[in-house]
Amino acid sequence: MHQRLIVLLSSVLLCAAAPLSAASWKEQQIAAAEKSESILRQTEKVRGLLAQYQIMRAAYAADESKAFRLIFGQYLSWHQSYLGLHEDALQSFSIQQISDKQDAPSPLEGDWQLQPAVDVIARLAQGQRAVFFNEAHNAAITRSLTVEMLPRLKALGFTHFAAETLYETDHKLAQRGYANDDSGFYTQEPVYAEMVRTALKLGFIVVPYEAASDATGDAREREQARNLYQRVFKDNADARLVVNAGYAHIVESGKYLGGASMAQHFRKMTRIDPLTIEQTMLIPHTQLGQDHAYYRALLAKSPPKQPGVFVAADGKPWTLRPDQYDLSVVLPPFTRENGRESWLSLDGARVPYSVDGEICRNSMPCLLEARYQGDGDDAIPADRIVIGLRDNSLSNTEQKFRTIDQLRTDLYLRPGKYRLRATNADNQVVTTQNITVGNRDRNP
């Protein structure tokens with residue numbers, strides 16, 4: 001699974017390589033992928049996400065070669081997102097959004113109005129049999145709108161929810177009502193897990209559709225589409241499906257990985273034309289130069305406050321890539337408070353709950369996790385964040401005298417009751433406490 005995704009994404013960035021022959025660059029990537037896989041296998045033998053991340057962080061710092069940084073940077077970025085280090089994840093790996101000849105004219109130059117994405121998508125989803133969202137796997141911000149849309153789509157009559165890399169071997173997911181380490185790969189990231197939890201709570205039938213074989217490229221896409229058909233539509237003519245998939249798995253036209261995308265295979269098998277929602281291109285990056293030119297122009301003119309879709313006077317949505325996706329979502333830039341990104345509020349559904357370093361009892365670095373009361377200790381937490389990681393920009397003396405206030409952070413949680421746990425780098429629980437999060441909480 002890991003290697004297939006890596007090869008796919010690294011091919012997108014081939015143009016970023018140093019002036020090498022294509023064969024030489026490919027050899028370097030293969031060697032870097034093999035090294036990355038070896039490091040990951042060794043890392044997974046260690047208990048605890050924080051302990052694993054410390055090993056991966058050291059491995060990344062020790063090898064500055066371009067191919068290794070490109071390949072292993074993706075592994076690192078996923079784990080950083082699991083740990084709530086979302087901006088670090090974007091710095092470790094990010095796909096620059098370069099203007100392309102396939103791009104539609106800028107909506108800023110025509111008679112298009114930016115409207116709330118939740119309203120536009122809900123309107124367009126009426127009468128649809130399938131709605132496909134995509135995401136950037138290392139950028140959890142691209143999952144936030146999908147979580148927000150699930151109640152609206154359920155109210156419209158959608159019945160099934162499918163998410164990439166959910167494991168079909170987790171037969172007790174629906175019974176538990178939450179994801180754990182056995183549920184999937186990307187579900188280790190709390191916003192992804194919240195997406196699955198929300199779907200289960202709303203009464204969606206949650207469907208794993210990932211290819212169980214070692215198929216790659218077109219064969220993997222076809223197997224994914226076949227799983228969706230057989231597990232959702234084959235014996236249920238009234239089913240209506242929401243899918244969360246990565247990147248161009250939902251592209252509706254053109255060649256993909258030498259063949260066709262999952263969405264193209266799905267349409268051929270089911271004769272259902274899904275509503276495809278692209279939300280990985282018009283997003284904020286940590287470096288302004290990586291933003292799409294249209295996005296930079298929009299920020300300069302009038303930065304959006306919430307996810308939006310450009311709409312014409314007749315209601316037609318704008319899409320960056322006509323014929324490939326039905327509409328493009330513009331995600332707003334985020335601000336930082338107490339070291340966390342504002343989009344984690346999920347449009348106000350979650351509130352910041354302030355925690356300081358005292359809970360870690362001077363055992364740094366420290367992993368803070370909040371689990372819903374009633375969930376088992378195996379549950380992927382509602383939110384997690386690492387504090388006290390060594391800052392290489394500080395001297396040893398400065399590091400030693402960092403104050404508790406400097407280690408204060410926020411957890412973003414829905415109002416309710418939680419178990420808060422602090423764990424050190426040796427995966428030992430330092431502190432546990434029960435907390436109640438109010439509607440306007442920031443301070444405990």
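Per an unreviewed UniProt entry, the chain carries the name Polysaccharide deacetylase and comes from Tahibacter aquaticus.

1. With respect to unusual backbone geometry
For residues that are not glycine, phi is negative in most cases, and the peptide bond is trans in most cases. Following M364, the chain continues to P365 via a peptide bond in cis, the omega torsion being -5 degrees. Note on placement: P365 falls in the loop between β11 (351–355) and β12 (366–372). Positive phi values are uncommon outside glycine, yet N338 reaches one of about 50 degrees. Along the chain, N338 turns up in the loop between β9 (336–337) and β10 (340–341). Notably, N362 is not glycine yet its phi reads approximately 60 degrees, a positive angle. For N362, a relative accessible area of 72% gives the class exposed.

2. Some points on the pattern of salt bridges
Side-chain pairing between opposite charges can occur once the charged atoms of the two side chains come close. For the structure shown, the criterion picks out 22 salt bridges. Where R143 meets E189, a salt bridge forms, and the shortest distance between an N and an O atom there is 2.8 Å. Separated by 46 residues along the polypeptide, R143 in helix α7 (residues 141–155) and E189 in the loop between α8 (173–176) and α9 (190–202) bring together distant segments of the chain. Comparing R143 with E189, the two get one shared label, buried.

3. A short note on the pairing of strand β6 (residues 275–282)
Burial analysis of β6 places 8 of its 8 residues in the buried class, which makes it a mostly covered element. In the sheet, strand β2 (residues 130–135) pairs with β6 via 3 bridges, with the strands oriented parallel. Within the sheet, the bridge partner assigned to F132 lies in β6 and is T276. Pairing between β6 and strand β8 (residues 327–330): 3 bridges, direction parallel. Paired with L282 across the bridge in β8 is V330.

4. Examining the sheet that holds strand β13 (residues 383–387)
Spatial strand order, β13-β12-β15-β16: 4 strands in an open sheet with antiparallel pairing. Edge positions in the open sheet fall to β13 and β16 (429–437), since each of these has one partner strand only. Averaged over neighbouring strand pairs, the angle between their axes works out to 20 degrees when direction is ignored. Sheet topology note: the strand β15 (residues 416–424)/β16 ladder contains 8 bridges and is antiparallel. Bridge pairing in β16 links A422 to T431.

5. Quick notes on helix α4 (residues 66–82)
Taking 1.5 Å per residue as the helical rise, α4 with its 17 residues ought to reach 24 Å, and the 24 Å between its terminal C-alpha atoms agrees with that figure. The largest bend along α4 reaches roughly 35 degrees and is located at G73. Within α4, 15 of the 17 residues are buried, leaving the element largely enclosed by the surrounding structure. Looking one or two residues beyond α4, the residue adopting positive phi is G84, at roughly 80 degrees.

Cut-offs applied
- Residues numbered from 1 in each chain as written.
- Predicted model: local features only at pLDDT ≥ 70, side-chain atom pairs only at ≥ 80, totals over all residues.
- Heavy atoms only, no water.
- Helix = DSSP H or I, 4+ residues; strand = E, 2+ residues; numbered from the N terminus.
- Buried < 20%, exposed > 50% of the residue type's maximum accessible area, 1.4 Å probe, protein only.
- Salt bridge = Lys/Arg side-chain N within 4 Å of Asp/Glu carboxyl O.
- Pairing = 2+ DSSP bridges.
- Axes fitted to C-alpha atoms, helices over the stretch in contact; angles between N-to-C directions.
- Expected span 1.5 Å × (residues − 1).
- Bend = angle between axes of the 7 residues up to and from the residue.

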